[in-house]
Amino acid sequence: MQGNIFTSAMRGGLALGVLFSVNFLLSVPQNTITGLLTYAVMAVIVAATYRLAARFRDQECDGYIGYGKAFAFILASFFYAALISSLVKFIYFQFINPDYLGNLYNQSMLTLEKMGLSAADGVEESLEALLQPASFALQYIWVNLLAGCFVGLITAAFIKKEKSIFES
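Bear in mind the structure is a predicted one, so any value in this text is a computation, not a measurement.

## Brief notes about the environment of leucine 52
Here is step 1 of the chain: Considering the arrangement of structural elements, one finds leucine 52 in helix H2 (residues 32–60).
Here is step 2 of the chain: Its relative accessible area of 11% is what places leucine 52 among the buried residues.
Here is step 3 of the chain: With sequence-adjacent residues up to four places away left out, leucine 52 is seen in contact with Gly12, Leu16 and Phe73.

What follows is the structure in structure tokens.
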């Protein structure tokens, strides 16, 4: 049975999306304990990625998978997880804590002033546009996909298992 990458990646992406969302919600308070917990969740994400890819290999691909297919599965899983996580971020920024991005904008402007850099007219408008709930949440899709590339490049090497030339 040859596995369908996208169906399995959607299921795996759901689990990873929950972990991404938990990681985001733990990172919001910015204190030492939750900061340490975010590192623990990152380790769980890597372990879960390995387990999901190994299960895909064993159950959907008859125990054999190439590096490219393993990488594609991991990247697709991270893509679906990124969509779920971005939706959670949008809901958080738009409805739960709408002042969060405004405070982030103010902190950024204060940092620019402390560094002695004058914010050009375009910088303020650009920063303000980037710190809107929808655009900020959508930016994280790219961040998560980049993380998926990094994790996928390494994890796929451990997951790949080619058929021996002596097996039929």
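Moving on, there is more to tell.
## Side note on the packing of aromatic side chains
In this description, an aromatic ring pair is defined by two values, namely the gap between the centres and the angle between the planes.
Here is step 1 of the chain: Enumeration according to the criterion identifies eleven aromatic pairs in this entry.
Here is step 2 of the chain: Seen in terms of ring centroids, tyrosine 92 and tyrosine 100 are 6.1 Å apart; in terms of plane orientation they differ by 70 degrees. Their pairing is edge-to-face.
Here is step 3 of the chain: Among the residues examined, tyrosine 92 registers a relative accessible area of 10% and is labelled buried.
Here is step 4 of the chain: Residues phenylalanine 136 and tyrosine 140 carry aromatic rings whose centres are separated by 5.5 Å and whose planes lie at 70 degrees to one another, so their mutual orientation is edge-to-face. With phenylalanine 136 and tyrosine 140 both in helix H6 (residues 133–159), this residue pair falls four residues apart, about one helical turn.
Here is step 5 of the chain: Since its relative accessible area comes to 11%, phenylalanine 136 is described here as buried.
Here is step 6 of the chain: Clustering of aromatic rings is evident, with ring pairs tying together Phe24, Tyr92, Phe93, Tyr100, Phe136 and Tyr140.
Here is step 7 of the chain: One cation-aromatic arrangement involves lysine 89 over tyrosine 140; the distance from NZ or CZ to the ring centre is 4.7 Å.

## What to know about the side chain of serine 8
Here is step 1 of the chain: Mapped onto the elements of the fold, serine 8 is located in helix H1 (residues 5–27).
Here is step 2 of the chain: With residues up to four places along the chain from it excluded, the contact list for serine 8 reads Phe56, Glu60 and Phe73.

## Remarks on the packing of helix H3 (residues 67–96) against H6
Here is step 1 of the chain: For the pair H3 and H6, interaxial distance at closest approach is 7 Å and the crossing angle is 155 degrees. It follows that H3 is roughly antiparallel to H6 by the angle criterion. Remark: the crossing between H3 and H6 carries right-handed chirality.
Here is step 2 of the chain: Residues that form the contact of H3 with H6 fall into these classes: 25 nonpolar, seven polar and one charged.

## Quick notes on the side chain of serine 86
Here is step 1 of the chain: Tracing the backbone shows serine 86 in helix H3.
Here is step 2 of the chain: For serine 86, a relative accessible area of 5% corresponds to the buried category.
Here is step 3 of the chain: The contacts of serine 86, once residues within four sequence positions are left out, are Ala137, Tyr140 and Ile141.

## Considering a nonpolar patch on the surface
Here is step 1 of the chain: A grouping of Tyr50, Tyr67, Phe150, Leu153, Ile154 and Phe158 is seen on the molecular surface, where their side chains present a nonpolar patch of about 640 Å² in accessible area.
Here is step 2 of the chain: With four residues, H6 is the largest single contributor of residues to the nonpolar patch.
Here is step 3 of the chain: Phenylalanine 150 sits in the exposed class, given a relative accessible area of 57%.

## Description of the environment of alanine 82
Here is step 1 of the chain: Residue placement: alanine 82 occurs in helix H3.
Here is step 2 of the chain: We classify alanine 82 as buried; its relative accessible area is 0%.
Here is step 3 of the chain: Filtering out sequence-adjacent residues up to four positions away, alanine 82 remains in contact with Phe20, Ile141 and Asn144.

Criteria and thresholds
- Residues numbered from 1 in each chain as written.
- Predicted model: local features only at pLDDT ≥ 70, side-chain atom pairs only at ≥ 80, totals over all residues.
- Heavy atoms only, no water.
- Helix = DSSP H or I, 4+ residues; strand = E, 2+ residues; numbered from the N terminus.
- Buried < 20%, exposed > 50% of the residue type's maximum accessible area, 1.4 Å probe, protein only.
- Contact = heavy atoms within 4.5 Å.
- Phe/Tyr/Trp six-rings, centres within 6.5 Å; stacked < 30°, edge-to-face > 60°.
- Lys NZ or Arg CZ within 6 Å of the ring centre and 35° of its normal.
- Axes fitted to C-alpha atoms, helices over the stretch in contact; angles between N-to-C directions.
- Parallel < 35°, antiparallel > 145°, perpendicular 65-115°, else oblique.
- Left-handed = near helix turned anticlockwise from the far one by under 90°.
- Nonpolar A, V, L, I, M, F, W, Y, C, P; charged D, E, K, R; others polar.
- Patch = residues over 30% accessible without salt bridge, like charges linked within 9 Å, V, L, I, M, F, W, Y side chains within 5 Å.
- Areas by Shrake-Rupley, 256 points an atom, 1.4 Å probe, with all protein chains shown as cover.
- Salt bridge = Lys/Arg side-chain N within 4 Å of Asp/Glu carboxyl O.

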